[in-house]
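Structural overview for review
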Amino acid sequence: MKLSATALSKSPTAVVMMNMGGPATLNNVHSFLSNLFHDKDLIPLPFQSILAPRIASRRTPKIKQQYKEIGGGSPILKWTQLQGDAMVKLLDELSPSTAPHKPYIAFRYVDPLTKDTLLQMKQDGVKRAVAFTQYPQYSCSTTGSSLNELYKQIHALGIENDINWSIIDRWPNHPLLVQAFAQNITKSLEKYDAEERKNIPILFSAHSLPMSIVNRGDPYPAEVASTVQAVVSHLPTLTGHSNPHRLTWQSQVGPSAWLGQQTSDAIQGLRKLGYTKALVVPIAFTSDHIETLYELDLECVKEAEEIGLHLERVESLNDNPTFIRAIADLTAEHLGSVYHNKQSDIRQTGYVGGWQVGQPTSTQFGLRCPGCTNDVCLKQKDFFNQGATRVI
Ligand SMILES: C=CC1=C(C)c2cc3[nH]c(cc4nc(cc5[nH]c(cc1n2)c(C)c5CCC(=O)O)C(CCC(=O)O)=C4C)c(C)c3C=C
Ligand code: FES
Ligand SMILES: [Fe+2]
C-alpha cells in the first residue's frame, strides 16, 4: 500500500500499547479470567470453550479476594494511560515528521479490547500505526498472543489495507529501560548502610512459563536473562559495586511443570544460606499489577519476614521519568528507521536479534518457535512483515 504524504499528515500516527490488561474493578474479575482462559495462545485446553468458563468461575473468588486486598482492582489501565500520554508529548518533539502521535491501548483480556481500539483508530482516520508491546521480553504467550489477536481483528474488520503497520516486538535491553531498572534498584539499596549494601543479594523475579512453552523454543527466558545481565552490568556505574544476584520465576498456575526456581523457594533458600536481607526486582513487567502488589508485597515479603529475612521489593517502573523517556526514544528510533531509513542510533535500541533499517519488525520476529504448530503465528508474521510502506 502506498499512501501520499498529504494523506498521512492529516491523521495521527497511532502508538498502540499492547498488554494483557487486568480487572479495573472486582466485578470485572470473572470476565478477565474467562477471556484469559479462552486464549489458546496462553493456555491451550482440551474442549476450551467448555472448560475456560468453568475454570474462570472456580478461580474467581480467590483472585477477587487478591484484587480486593490490593485496593479493589488492577492499576494497569491507569499506568498505561499515564505512560502513553507522557510518551507522546516527548515523541512529538523527538519525531516531528511523524507527529502528531496519539496513544491507543489494546488489552488482550479487558477493555479497551483490540477490536474496539481498531474501530476507534478507524474513526480517527489513522493511516500509520506502531504496534508497541509493553512486555519488554517477547513470549508467544504474551506479545505473540496480542499480535495474533491484532491480526485476527484487522482481518475480521476488513481493514487490512487501511493502515501501515510496524511493530516494536521486543526491547529487553534498551539502554534507558536498563537505566530505569538500575535507578530503582539503587534507591532500594540506599535504604541499607553503605557497608552492608554490596553484600545484599538481588533476586530478579519474572512471571514463569510452562515448560511446554519453553520447550517449544519460546524466546522469553533468554530475553529476560538478557535484561538481567544488562541491568547488573549497569548497576556498578550507579552504586560503585556489584551485588550477587539470581534470576527466579514467580506466579505459576496449575499442576503442570513450570520454569523455576520459584521466587518463593529462592527466598527460603537464601535464609537457609544465612542471609537476613535481600532485594526482589520485578523484571518482566513495566507497571504494578497483582504479582507485585499481592504476590510479592503481601505474600513473599511477609513470608520472608516470618523466617527472619528482610526483603525489600524494588518499585515498579510506573511513572519513572527515565522509563517514559525509554519508550519515547524507542518509538522515535523505530519510526526513524522504518520511515526515514535512519541507521545512526538504531544499534543502541537493544533489539535482540537485530534490526534492519526500513524493516517493519525485528529480524528475530520473523523466526517462529521451532516447535510452533500454530497457523495463526505464520499468517500473522507474514502480514506484519509486509508491514509499513515508507512514504516520507
Ligand atoms: C511477562 C509477563 C507474563 C507472562 C510471560 C505470563 C504468562 C502466563 N500467564 C499465565 C496465566 C495467568 N496469568 C495471570 C495473570 C497475570 N499474568 C501476568 C503476566 C504474565 N503472564 C500479569 C501481569 C498478570 C496479572 C494482571 C494484573 O493484575 O494486572 C493469571 C490470572 C491470575 C490467576 O488466576 O492466577 C493467569 C491464570 C500463563 C498460563 C502463562 C504462560 C503460558
Ligand atoms: S508459538 Fe512461537 S511462533 Fe507460534
Ligand atoms: Fe500470567
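- An unreviewed UniProt entry lists the protein under the name Ferrochelatase, from Wallemia hederae.
- If you open the UniProt record of the protein and go to Function (unreviewed entry), you find "Catalyzes the ferrous insertion into protoporphyrin IX."
- For the record of the protein, the UniProt heading Sequence similarities (unreviewed entry) holds the text "Belongs to the ferrochelatase family."

**Things to note about the sheet that holds strand E5 (residues 202–207)**
- One open sheet holds the 4 strands; their spatial order is E6-E5-E7-E8, and the pairing between them is parallel. The open sheet is flanked by strand E6 (245–250) and strand E8 (310–313), the only strands paired with a single partner. If you compare each strand with its neighbour and ignore which way they point, the axes differ by 30° on average.
- Examined bridge by bridge, strand E7 (residues 277–282) and E8 share 4 bridges and lie parallel to one another. When the sheet's bridge partners are listed, alanine 278 is paired in E8 with leucine 311.
- Those strands touched by helix H7 (residues 175–189) are E5, E7 and E8, and its axis lies near 155° from that of E7.

**Observations concerning the site of ligand 1**
- Neighbouring ligand 1 are 25 residues, the closest being Gly22, Ser74, His207, His289 and Ile290.
- Of all elements in the fold, only helix H2 (29–38), helix H3 (48–69) and helix H12 (290–306) reach the threshold of two or more residues within the shell around ligand 1.
- When residues are assigned to domains, the shell around ligand 1 turns out to be shared by domain 1 (5–22 + 74–169 + 321–386) and domain 2 (175–313), each giving three or more.

**Describing the packing of H7 against helix H13 (residues 321–340)**
- Where H7 meets H13, the closest approach of the two axes is 8 Å, and the angle between their N-to-C directions is 170°. Here H7 is positioned roughly antiparallel relative to H13, judged by the angle of their axes. Contacts between H7 and H13 involve Leu176, Leu177, Gln179, Ala180 and Gln183 from the first element and Thr322, Phe323, Arg325, Ala326 and Asp329 from the second.
- Classifying every residue of the contact of H7 with H13 gives 5 nonpolar, 3 polar and 2 charged.

**Some points on the pairing of E5**
- Across the 6 residues of E5, 6 count as buried, placing the element largely inside the fold.
- Here E5 shows no split at all, with Ile202, Phe204 and Ala206 on one side and Leu203, Ser205 and His207 on the other all buried.
- One ladder, built from 6 bridges, connects E5 with E6; its direction is parallel. Residue pairing in the sheet places isoleucine 202 in a bridge with histidine 245 of E6.
- Examined bridge by bridge, E5 and E7 share 4 bridges and lie parallel to one another. Bridge pairing in E7 places serine 205 opposite proline 282.

What counts and how
- Residues numbered from 1 in each chain as written.
- Chains lettered and ligands numbered in written order.
- Predicted model: local features only at pLDDT ≥ 70, side-chain atom pairs only at ≥ 80, totals over all residues.
- UniProt positions renumbered as here; feature names shortened; annotations may be inferred.
- Pairing = 2+ DSSP bridges.
- Helix = DSSP H or I, 4+ residues; strand = E, 2+ residues; numbered from the N terminus.
- Axes fitted to C-alpha atoms, helices over the stretch in contact; angles between N-to-C directions.
- Contact = placed C-beta atoms within 7 Å.
- Near = placed C-beta within 6 Å.
- Domains from an automatic or database assignment.
- Parallel < 35°, antiparallel > 145°, perpendicular 65-115°, else oblique.
- Nonpolar A, V, L, I, M, F, W, Y, C, P; charged D, E, K, R; others polar.
- Buried ≥ 20, exposed ≤ 12 C-beta atoms within 10 Å, placed from the backbone.

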